[in-house]
Amino acid sequence: MIPGAGGAAWYWHRVVPLLEAASHQAIAVDLPAPDPATGLPEYTEVAVAAAQDRDDVVLVAGSLGGFTAPLAASRLPLRALVLVNAMIPVPGETPGQWGDAVGSSQARLEAAEEGGYGTDFDLDVYFLHDVPAEVVKSGPGQRDEAGAIWDSRCDFPAWPDVPIHVVTGRDDRLFPAQFQRRVARDRLGIEADLLPGGHLIALAEPGPLAAYLLTV
């Protein structure tokens, strides 16, 4: 399970026990995101190492983790790949190029104006608006993502030939649901599945997300 920006394995801490209670092994990876000397190759090594000597792997990636996903997928014995509110790259793209290529900022602003919440990029408005306060307080806080990752190229030939599922948070304000569904159709040719929760869906709505993952 690959986290998004900041790279903290803690992001998945409410989902992991639900999967383990259903007799699955759930491994959340901690990425070296604050290290300015690391990029997608280093993130990929961490993800691949976490699944070493295992087969029948379901790879789950959230947000920025969508850029690590195809690189790790090419080296793992996957049963399925699940992208959760994830950035979906094309071969050769960098995370820094992605936003302009898919129009994410415009989609975010349009959704904010329609939804009646602020357009200024604010952590509480766009990430924590539906995460329980006690969960936020229990966490390690926001961890910085070093700038190098945004210029790190996602060099992969093609998405893996395994079932790919895209999960879209119904209340995601960073990547609005309608936007995510369009990107999934355009880039993967598949329809995204809508679940309750905002961008940090694993913290806000772990139950429905875990239940979904157990069906994959």
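Right, let's walk through the structure included here. (Residues numbered from 1 in each chain as written. Predicted model: local features only at pLDDT ≥ 70, side-chain atom pairs only at ≥ 80, totals over all residues. Heavy atoms only, no water.)

## Details of the layout of surface pockets
In this structure, the largest pocket spans a volume of roughly 930 Å³. For the largest pocket, the lining is made up of 43 residues, of which Ala5, Phe127, Gln142, His199 and Leu200 are closest to its centre. Within the residue set of the lining of the largest pocket, elements represented by two or more residues are α4 (95-102), α5 (104-115) and α7 (133-138). Residue contributions to the lining of the largest pocket peak at five residues, all from α4. Of the residues in the lining of the largest pocket, the class split is 23 nonpolar, 14 polar and six charged. Of the pockets and cavities examined, the second largest pocket occupies roughly 510 Å³. Around the second largest pocket sit 23 residues that line it, and Gln25, Ala26, Ile27, Val57 and Val58 are the ones nearest its centre. Mapped by element, the contributors of at least two residues to the lining of the second largest pocket are α2 (40-50) and β1 (57-62). Of the residues forming the lining of the second largest pocket, the biggest block, four residues, is contributed by β1. (1 Å grid on protein atoms, 1.4 Å probe; cavity = no way out; pocket = protein on both sides within 12 Å on 5 of 7 lines; lining within 4 Å. Points joined across faces, edges and corners; volume = space filled by probe spheres on them. Helix = DSSP H or I, 4+ residues; strand = E, 2+ residues; numbered from the N terminus. Nonpolar A, V, L, I, M, F, W, Y, C, P; charged D, E, K, R; others polar.)

## Description of the sheet that holds strand β2 (residues 78-84)
Taken in spatial order, the four strands line up as β1-β2-β3-β4 in an open sheet, and their pairing is parallel. Either end of the sheet is taken by a strand with one partner, and the two such strands are β1 and β4 (193-195). Sheet twist, expressed as the mean angle between neighbouring strand axes with direction ignored, is 25 degrees. Sheet topology places β2 next to strand β3 (residues 164-169); four bridges connect them, and they run parallel. Within the sheet, the bridge partner assigned to valine 84 lies in β3 and is valine 167. Relative to β3, helix α8 (residues 177-188) is tilted by about 165 degrees, and along the sheet it contacts β2, β3 and β4. (Pairing = 2+ DSSP bridges. Axes fitted to C-alpha atoms, helices over the stretch in contact; angles between N-to-C directions. Contact = heavy atoms within 4.5 Å.)

## Quick word on the nonpolar core
Ranked by size, the top nonpolar core spans 71 residues in total, and within it Met1, Trp12, Val15, Leu59, Leu83, Leu209 and Leu213 carry the most contacts. It is β2 that provides the largest number of residues to this core, a total of six residues. Setting aside anything within four residues of it in sequence, one finds leucine 83 in contact with Ala61, Gly66, Ala69, Ile88, Trp159, Ile164, His165, Val166, Val167 and Leu188. (Core = buried A, V, L, I, M, F, W, Y, C linked by side-chain atoms within 4.5 Å. Buried < 20%, exposed > 50% of the residue type's maximum accessible area, 1.4 Å probe, protein only.)

## A short note on α4
Within the sequence span of α4, burial applies to Pro95, Trp98, Gly99 and Val102. Take α4 and look down its axis: the buried residues cluster within an arc of 95 degrees, on one side only. Away from the buried face of α4 by more than 90 degrees, exposed residues Asp100 and Ala101 are located. Structurally, α4 contributes buried residues whose contacts are with α2, α5 and α8. Positive phi appears at glycine 103, one or two residues downstream of α4, with a value of about 75 degrees. (Arc of directions from axis to C-beta.)

## Side note on the pairing of β3
The buried fraction of β3 amounts to five of the six residues, a majority that puts the element mostly inside the structure. In the sheet, β3 pairs with β4 via three bridges, with the strands oriented parallel. Note that in β4 the partner of threonine 168 across the bridge is leucine 194. Each parallel crossover has a hand, and the one from β3 via α8 to β4 is right-handed. (Right-handed = clockwise from strand over helix to strand, strands pointing away.)

## Things to note about the pattern of salt bridges
What the rule picks out here adds up to seven salt bridges. Salt-bridge contacts for aspartate 30 lead to arginine 143; the nearest nitrogen and oxygen are separated by 3.3 Å. A residue pair is termed long-range when its members are at least 10 positions apart, and aspartate 30 in the loop between α1 (16-21) and α2 and arginine 143 in the loop between α7 and β3 qualify at 113 residues. For arginine 187, the salt bridge goes to glutamate 93, with nearest N and O atoms at 2.6 Å. Pair noted here: arginine 187 is in helix α8 and glutamate 93 is in the loop between β2 and α4, with a separation of 94 residues, a long-range link. Since its relative accessible area comes to 5%, glutamate 93 is described here as buried. (Salt bridge = Lys/Arg side-chain N within 4 Å of Asp/Glu carboxyl O.)

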